[in-house]
Amino acid sequence: MLRQIKPRNARSKRALEKKAPKAVENPKTALFLRGTTCSQVIQDALTDLYSLRQPLAKKFTKKNAIHPFEDPASLEFFSEKNDTSLIVFGSSSKKRPHTLTLARTFASKILDMLELHLDPESYRRVAQFKGRKFAVGLRPMMLFSGTAFESPVANEYTMAKSMLIDLFKGDTSSDKIDVEGLQYIVSVAAEEPVGDGGDDSVKPAIHLRIYLISTKRSGQRLPRVEVEEMGPRMDFRVGRMREPEEAVLKEAMKTAKVEEKVKKNVTTDTMGDKLGRIHLGRQDLSELQTRKMKGLKRSRDLDEEEVGGDAPVAEEDTLKRQKK
């Protein structure tokens, strides 16, 4: 069971309500930070991934003495402080050079982590690719190719697929997509596994490529689609991983049941128009408020009834004389 925090004042109550679970969750924000020893290659990779994740991203520039797999307390503190559920940590050491650690949190606690070792020889920055770039805030199309991502058993590659989807999918609060906004595609390919996969050296590498989509005239109804590599270009080897606990994962995967309230006496016809039925009580029209005029006064009507007789005839004679 997760620890329940009781608010002490109205300010802390509003802060807890803001972080409380919702039927439709807020888009995930990613935090990018570096360790005490970080190579220039990893710093450039963090900058490129940060630019792809904007505006749902925060980046630290100072060094942080953090060892994620040994003591993730600092990552949990930064996650809670900045309200970020995705963490990308860059570090480099003699034993594990050019390493990116992807982590996800739930309730400000580390849920799972995965190490990806970047190949510095094949790495290319975004700035090294000439050409136009996509606009900030657009959602990409994603492609995963390779049998390693289709494993029925959870492993490093299924976790890498899940984390990369969370990292690149952006804001999914809207279920409608504008076709004009589909400007780039994220392609993640894994090589075919060799051997039994017991050693890290034989595990298939992961190739990350990002292509810009452009449509041109084809002389037909459908345009000709062309892709151009936009960068960055990254090749990874999977490293250590930390799987989520079963109970915590079950709690994190819960979805709220949203029950729509049935509106009474409201229907929709075949044309899609909304029709409503209103029930009114019996009305007394004698108490209905009308426009106040002297000719409509009740006292004048009573006086005319008392006069009676030839009065109406005399009035008609006077009107005829006036017309003549």
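Residues numbered from 1 in each chain as written. Predicted model: local features only at pLDDT ≥ 70, side-chain atom pairs only at ≥ 80, totals over all residues. Heavy atoms only, no water.

## Quick look at the overall build of the protein
Move 1: In terms of regular secondary structure, the protein is built from seven helices and twelve strands.
Move 2: Burial status across the protein gives 30% buried among its 324 residues.
Move 3: If you take every contact in the protein between residues at least 6 apart in sequence, the share linking residues at least 24 apart comes to 66%.
Move 4: If you sum the accessible surface of the protein, you get close to 23700 Å²; carbon and sulfur atoms cover 51% of it. (Helix = DSSP H or I, 4+ residues; strand = E, 2+ residues; numbered from the N terminus. Buried < 20%, exposed > 50% of the residue type's maximum accessible area, 1.4 Å probe, protein only. Contact = heavy atoms within 4.5 Å. Areas by Shrake-Rupley, 256 points an atom, 1.4 Å probe, with all protein chains shown as cover.)

## Brief notes about the side chain of T105
Move 1: Note on placement: T105 falls in strand β4 (residues 99-106).
Move 2: Residue T105 is classed as buried on the basis of its relative accessible area, which comes to 12%.
Move 3: Those residues in contact with T105 that lie beyond four places of it in its chain are S79, T84, S85, I87, I110 and L111.

## So, the nonpolar core
Move 1: In terms of nonpolar packing, the biggest core is built from 40 residues, with F32, L100, F168, V188, I206, M234 and F236 touching the most fellow members.
Move 2: At seven residues, helix α4 (residues 156-168) tops the list of elements feeding residues into this core.
Move 3: Sequence-distant contacts of F236, defined by excluding residues within four places in its chain, comprise L100, L116, H117, L118, A205, I206 and L208. (Core = buried A, V, L, I, M, F, W, Y, C linked by side-chain atoms within 4.5 Å.)

## Structural notes on the pairing of strand β8 (residues 206-216)
Move 1: In this sheet, β8 lies alongside strand β7 (residues 184-190) in antiparallel orientation, the contact comprising seven bridges. Across the sheet, A190 pairs through a bridge with I206, a residue of β8.
Move 2: Taken together, the three bridges between β8 and strand β10 (residues 234-242) define a ladder with antiparallel strand orientation. The residue bridging H207 from the neighbouring strand is D235, located in β10. (Pairing = 2+ DSSP bridges.)

## Section: the environment of V225
Move 1: Relative to the helices and strands, V225 is located in strand β9 (residues 224-229).
Move 2: V225 has contacts with I213, S214 and T215, leaving out every residue within four places of it along the chain.

## Here's the deal with helix α3 (residues 73-82)
Move 1: Restricting attention to buried positions, one finds in α3 the residues L75, E76, F78, S79 and N82. Along the axis of α3, the buried positions cluster into a sector of 165°, meaning they face one direction only. Set apart from the buried face of α3 by more than 90 degrees, the exposed residues are F77 and K81.
Move 2: Structurally, α3 contributes buried residues whose contacts are with β1 (30-35), β2 (57-64), β3 (86-91), β4 and β5 (109-118). (Arc of directions from axis to C-beta.)

## Observations regarding a positive patch on the surface
Move 1: A cluster of basic residues, K18, K19, K22, K58 and K81, forms a positive patch on the protein surface.
Move 2: By secondary structure assignment, the location of K22 is in the loop between α1 (10-19) and β1. (Patch = residues over 30% accessible without salt bridge, like charges linked within 9 Å, V, L, I, M, F, W, Y side chains within 5 Å. Salt bridge = Lys/Arg side-chain N within 4 Å of Asp/Glu carboxyl O. Lys, Arg positive; Asp, Glu negative; His and termini not counted. Charge placed at Lys NZ, Arg CZ, Asp CG, Glu CD.)

## Overview of the confidence of the model for the protein
Move 1: In this model, the protein carries an average pLDDT of 84, and 86% of its residues clear a pLDDT of 70 or more.
Move 2: Per-element confidence in the protein ranges from a low mean pLDDT of 59 for helix α6 (residues 298-307) to a high of 95 for β3. (pLDDT = per-residue confidence, 0-100.)

## Here we look at the packing of helix α2 (residues 40-53) against α4
Move 1: Axis separation between α2 and α4 bottoms out at 9 Å; the angle between their running directions is 60°. It follows from the interaxial angle that α2 and α4 lie oblique. Taken together, the residues of α4 that come into contact with α2 (itself represented by L49, L52 and R53) are D166, L167 and F168.
Move 2: Residues belonging to the contact of α2 with α4 are distributed by class as follows: four nonpolar, no polar and two charged. (Axes fitted to C-alpha atoms, helices over the stretch in contact; angles between N-to-C directions. Parallel < 35°, antiparallel > 145°, perpendicular 65-115°, else oblique. Nonpolar A, V, L, I, M, F, W, Y, C, P; charged D, E, K, R; others polar.)

## Things to note about the pattern of salt bridges
Move 1: Evaluated as defined, the whole model comprises 15 salt bridges.
Move 2: In this structure, R125 engages D44 in a salt bridge whose closest nitrogen and oxygen atoms are separated by 4.0 Å. Here the residue R125 occupies a position in the loop between β5 and β6 (141-145), and D44 occupies one in helix α2, the gap between them amounting to 81 residues.
Move 3: Residue D44 is classed as buried on the basis of its relative accessible area, which comes to 15%.
Move 4: Here the salt bridges share partners, and the residues they tie into one network are K28, R104, D112, D166 and K169.

## Some remarks on the packing of aromatic side chains
Any aromatic ring pair is given by two values, namely how distant the centres are and how the planes are angled relative to each other.
Move 1: Counted by the stated rule, this structure contains six aromatic pairs.
Move 2: Considering the side-chain rings of F60 and F78, the 5.4 Å spacing of their centres and the 80° angle between planes classify their relative orientation as edge-to-face. Of this pair, F60 sits in strand β2 while F78 sits in helix α3; the two residues are 18 residues apart in sequence, bridging distant segments of the chain.
Move 3: Measuring from centroid to centroid gives 6.4 Å for F149 and Y157, while their planes differ by 75°, and the two rings are edge-to-face. For the pair shown, F149 and Y157 are each scored as buried. (Phe/Tyr/Trp six-rings, centres within 6.5 Å; stacked < 30°, edge-to-face > 60°.)

## So, α4
Move 1: The end-to-end C-alpha distance of α4 is 18 Å, a good match for the 18 Å that 13 residues give at a rise of 1.5 Å each.
Move 2: For α4, the buried fraction is high: ten of the 13 residues fall into the buried class.
Move 3: With a side-chain oxygen positioned 3.1 Å from the backbone nitrogen of Y157, the residue opening α4 is N155. (Expected span 1.5 Å × (residues − 1). Polar contact = N/O pair within 3.5 Å; in protein donor to acceptor, adjacent residues only side chain to side chain.)

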